[in-house]
Amino acid sequence: MMQCFHFIVEPAKNITAKLKESRKRAKNEKREPLEENQLFIVELARDLARVCQNTEVLGHIWSLEDTWPTPLCQAFILEWASVMESKKRPMQTAGWPEKTEQDVQEEQEKDQEEQEKDLQKAKAVLLTWVKDLRAQPEKSVCPGEAVSRALEDLQSAWKWNRTPNLLAAMELVMMTLLSLGLDKEAIPLKWLIWKQRSQKIGATRYIPHCVWDWIADAAVDVTLDLNTANPDLLISHGDKHMRCGFERKEIPNYHERFDGWWCAVGVAGFNSGRHYWEVEVGERDWRLGVAKESALRKGFKSLNTDTGYLSLRLERGTELRALTVPFTALPPGLIPRKVGVHLDYAQGQLSFYDVDTRSHIYTYNESFSERLYPLFGTVDIVKDLVIRSPGNKAHCLCPISCLWG
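**Some words on the packing of aromatic side chains**
Then step 1. Counted by the stated rule, this structure contains 12 aromatic pairs.
Then step 2. Summarising the aromatic geometry, the rings of Tyr362 and Tyr364 are spaced 5.0 Å apart at their centres and angled 80° between planes, so their arrangement reads as edge-to-face.
Then step 3. When its relative accessible area of 1% is taken as the criterion, Tyr362 is described as buried.
Then step 4. Grouped by ring-pair contacts, the aromatic residues Trp68, Phe76, Trp80 and Trp194 constitute a single cluster.
Then step 5. Here the guanidinium or amino end of Arg297 rests over the ring plane of Tyr373, the centre of that ring lying 5.9 Å away.

**Quick word on helix H3 (residues 36-51)**
Then step 1. In this model H3 runs 23 Å from its N-terminal to its C-terminal C-alpha over 16 residues, within 8% of the 22 Å that 1.5 Å per residue would give.
Then step 2. Across the 16 residues of H3, 14 count as buried, placing the element largely inside the fold.
Then step 3. The N-cap residue of H3 is Glu35: its side-chain oxygen and the backbone nitrogen of Asn37 are 2.9 Å apart.

**Thoughts on the nonpolar core**
Note that soluble globular proteins tend to have their nonpolar side chains buried in a common cluster.
Then step 1. Judged by nonpolar contacts, the single largest core of 60 residues is most densely connected at Leu48, Leu58, Phe76, Trp80, Trp129, Met170 and Met174.
Then step 2. Secondary structure elements with two or more residues in this core: H3, helix H5 (70-86), helix H7 (112-134), helix H8 (145-159), helix H9 (167-177), helix H10 (187-198) and helix H11 (209-216).
Then step 3. Looking at which element gives the most residues to this core, the answer is H9, with nine residues.

The rules we used
Residues numbered from 1 in each chain as written. Predicted model: local features only at pLDDT ≥ 70, side-chain atom pairs only at ≥ 80, totals over all residues. Heavy atoms only, no water. Phe/Tyr/Trp six-rings, centres within 6.5 Å; stacked < 30°, edge-to-face > 60°. Buried < 20%, exposed > 50% of the residue type's maximum accessible area, 1.4 Å probe, protein only. Lys NZ or Arg CZ within 6 Å of the ring centre and 35° of its normal. Helix = DSSP H or I, 4+ residues; strand = E, 2+ residues; numbered from the N terminus. Expected span 1.5 Å × (residues − 1). Polar contact = N/O pair within 3.5 Å; in protein donor to acceptor, adjacent residues only side chain to side chain. Core = buried A, V, L, I, M, F, W, Y, C linked by side-chain atoms within 4.5 Å.

What follows is the structure, encoded as structure tokens:
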């Protein structure tokens, strides 16, 4: 165990020998051999599992059951080296560095030689940290109940193919070891907030039970405000169902009413706290998010971030977009049928989730300064858009019964 990273700091001939050994073993086991960055992750997982308790899940990585593609290994190495560089004294600060869009663009513009130099520097940063880690006794760090349960849940999700890899488990253990002076029970929550800030599209394919329960604990009862609904919309079932009608109703054209886009907002607006609601959406065209109190609602001016709207829209059943300026196209694989919307006013995050798969879709990161109203839109004349009041606890997604209930 204590020799975990020697293959990186040994002379080049020993690195070559280690890679040859890996290729020989791979040939005997009839699988593709690992390259250097994959080996780095394998040995890092072994070292983390040696020090931290309740990390059996990482055994799937260093036993090569969960082998990450090289680009993912490289991204992990670069990101966590950046975290360590930005947190010179990680035990004394609760903040986690975020990657800006400018940082991402600068990385993409680097040529292959520059990228390789950055990767080697990043490995050196991680190795410096690992040297101190290797000095700690085996199983000397207790991750706490919340992290332990999250790791167990992620292991189950991976076994049932609900998440493609154990990246989230590695991140949670890394965050635990870098946050020894902080509240352990809050680490999974801080992990999600950090992920959504650094990777706003599809940040995680599976959200553990304890984190999902934290989101659902902010559930609120949302009803549609009839005074804001477009005259073409039919509102029913306690002002929670909405679809387009065939005839435009003759109703007062209030200042707050949408008279162009087929939208309505919720009765209550929010200017503090956390709030969560769920919506069953159609398969063709819908719009969900929030509208700022100052946002104009008349006519057909684009409802985007420039006009006071933070939303997702599905068009023609195949084009899912975050309505930024310019718009942000989202992968077709993220198109949901039931959407969870989570507003964390203090953190400045508006996040969208696929409720059925419990996965992240997109997050707006912004500093909020005014009241925000839940936004709903549809042009479907057959199927209702339905606002649901979620329960406080997550239901297990396993195909068979399990201890989570």
